Amino acid sequence: MITVPLQTAVPSAPVGGGETVAFYVLGTVVVLAALGVVFSRKAVYSALMMAVVMISLAVFYGINEAPFLMVVQIVVYTGAVLMLFLFVLMLVGVGSSDSLVETIRGQRLLTAVIALCFLVPLATGITTVTVGEPVGLAAGVAAAGGNIPWIAGEVIYRYVIAFEATGALLITAVLGALVLAHTVRTKKKRTQRHLSQERIRGDHATPLPGPGTYARHNSIDMPALLPDGSVSELSLNPVLAARVPEDQRSVPEDMRRVIGAGPGGGPDSARSGETRDKGGDDTGGSAAGSDNGNGEREGEGSWTR
Amino acid sequence: MDPMNYIVLAAVLFTIGAVGVLVRRNAIIVFMCVELMLNACNLAFVAFARMHGGIEGQVIAFFVMVVAAAEVVVGLAIIMQIFRTRRSASVDDASLLKN
C-alpha cells in the first residue's frame, strides 16, 4: 500500500456513511446509463441516457464540494449541449438506427481487449493508493468568502491568460458554427403573393378540408368525411399518408388501400380532379437545407396545409 | 469509503466512453461518447480538488466544460454539413479521400 502524504495532516471533511450510500447507488446509475449511451441502438435513447449521466455527475460534483460546477454542469451540459445534440438528431433523422454489423473484422473484440488493458491496470493502480480522508475545501472556502469567489479569484487572477483564450475560443467556435451551418438558398424564396397567385390559378382555391372534419376525432391522422360519408383524401396529411399503412391504425381500412394506390386514386381527388402535388408550399424544405433537386416528396412535406 | 473510489468511477466512465468511440459508427453517438470521456475527467478533477483541499481542480474542470461546449458546437455543425452533402451521419461513409 502506498500512502500519499497530503498537505495538511488533519482531515477536515471525512467521508460520511451517507456519502458512501449515495456513491454506490448513484455510481451504479451512472455506469448503467453510460453503458446505455454506448449500446442503445437508437441515437435518441443514447442522448436521454447521456442526460442521466450528466445529472448524476452534477450530483457527484455537489457531493464533492463543488456547488458552482454542479450548477454549471446542469445548465451547460443537460441544458445546452444535450439539447443541441437532440436538435441535431431531429434534423439528421431520428428513425435511422445504427446497423450493428461489424465493418472491420474483429473490431469489437479488439475494442474489448483495449478497454480491459486500459481499465484493469488503471483501476488496480488507483485502488492501491490510499489517500486517507480528504482535506476538503471548507477552510479555503471560508478564507475566500465562498466557493464562487474562490473560483472567480483563481480564474481572474491566476488563470487570466487561459480565461482570455477561452473567450477567443468561444468567439471562434460561434463563427465556425455560423459558417458551417449557413447554406446558400438555391431557389428563390416564395413570397405570399406568389403563393396566393398559385393557389388561385390552381384548381383548388379554397382551403383544404382539415383532418377529422365530420369524423369522430379531430386528430391529424383522422381523415375528414365527405357529406356522403366517404373519406376525403385531401384532408390527409401527406407525410402521414406516405408512411407504412400498418402504422396508421385509426385510418379506416378502405382508406389505407387508397393511400397505397398512389396519388389521384382516392374517391375525393377523382371527384375534384386534383392531386396533392400541385401547389405544395415549401415551408420546411429550404430551412432544413434540402437541396433543390430532390423531387416532390420534399416539397410536399408540409404540415401546414 | 475511500475517496479514490471517485477516481475509479471516473476511470470506468472514461473506458466506457472510449469503447463507444471505437465501436459506434453514428457520428453523433461518437460525439456523445467523447463528451462522456470529458465528463469522466471532470469528475476526477473535482474529486482531486476535494482530496487536496485546493480549488485548481474545479477551475480546470470549468475550463474543460467551456472547451467541451465550443467543441460540440463546431462538431455538430460539421456533422450537419456532412449529412447535408452525403445524406448520412455514419463515420464509415465519409471516405471520400480513400483510394
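Residues numbered from 1 in each chain as written. Chains lettered and ligands numbered in written order. Predicted model: local features only at pLDDT ≥ 70, side-chain atom pairs only at ≥ 80, totals over all residues. Heavy atoms only, no water.

If you look chain B up in an unreviewed UniProt entry, it shows as NADH-quinone oxidoreductase subunit K from Actinorugispora endophytica. On record in UniProt, under Subunit (unreviewed entry), the comment for chain B is "NDH-1 is composed of 14 different subunits. Subunits NuoA, H, J, K, L, M, N constitute the membrane sector of the complex." Taken verbatim from the UniProt record of chain B, the Sequence similarities (unreviewed entry) comment is "Belongs to the complex I subunit 4L family." (UniProt positions renumbered as here; feature names shortened; annotations may be inferred.)

The name recorded for chain A in an unreviewed UniProt entry is NADH-quinone oxidoreductase subunit J, from Actinorugispora endophytica. UniProt, in its Catalytic activity (unreviewed entry) section for chain A, records the words "a quinone + NADH + 5 H(+)(in) = a quinol + NAD(+) + 4 H(+)(out)". According to the UniProt record, the Function (unreviewed entry) comment for chain A is "NDH-1 shuttles electrons from NADH, via FMN and iron-sulfur (Fe-S) centers, to quinones in the respiratory chain. Couples the redox reaction to proton translocation (for every two electrons transferred, four hydrogen ions are translocated across the cytoplasmic membrane), and thus conserves the redox energy in a proton gradient."

A. Representation of the nonpolar core within the structure. With 74 residues, the main nonpolar core has Phe60, Leu69, Phe85 and Leu89 of chain A together with Ile28 and Met32 of chain B as its most contacted residues. Residue contributions to this core peak at 13 residues, all from helix 2 (residues 27–52) of chain B. Dropping the residues within four chain positions of it, Phe60 of chain A is found in contact with Phe23, Leu26, Gly27 and Val30 of chain A together with Tyr6, Leu9 and Leu43 of chain B. (Core = buried A, V, L, I, M, F, W, Y, C linked by side-chain atoms within 4.5 Å. Buried < 20%, exposed > 50% of the residue type's maximum accessible area, 1.4 Å probe, protein only. Helix = DSSP H or I, 4+ residues; strand = E, 2+ residues; numbered from the N terminus. Contact = heavy atoms within 4.5 Å.)

B. Geometry of the pattern of salt bridges. Evaluation of the coordinates by the stated rule reveals five salt bridges over all chains. Glu154 of chain A is the salt-bridge partner of Arg158 of chain A, the closest N and O atoms lying 3.2 Å from each other. Of this pair, Arg158 of chain A and Glu154 of chain A both sit in helix 6 (residues 147–158), separated by four residues, roughly a single helical turn. By sharing partners, the salt bridges in this structure join Glu19 and Glu65 of chain A together with Arg50 of chain B into a single network. (Salt bridge = Lys/Arg side-chain N within 4 Å of Asp/Glu carboxyl O.)

C. Examining the side chain of Glu154 of chain A more closely. Owing to a relative accessible area of 14%, Glu154 of chain A belongs among the buried residues under this scheme. Excluding anything up to four places from it in sequence, Glu154 of chain A contacts Tyr159 of chain A together with Ile55, Glu56 and Val59 of chain B.

D. Summary view of the packing of aromatic side chains. Applying the stated rule across the entire model yields nine aromatic pairs over all chains. For the pair Phe23 of chain A and Phe60 of chain A, a centre-to-centre distance of 5.9 Å together with 50 degrees between the ring planes defines the contact as tilted. One end of the pair, Phe23 of chain A, is in helix 1 (residues 17–39); the other, Phe60 of chain A, is in helix 2 (residues 43–63), with 37 residues separating them in the sequence. According to the relative accessible area criterion, Phe60 of chain A is buried, its value standing at 0%. Ring geometry for Phe118 of chain A and Phe14 of chain B: centres 5.6 Å apart, planes at 35 degrees, overall tilted. (Phe/Tyr/Trp six-rings, centres within 6.5 Å; stacked < 30°, edge-to-face > 60°.)

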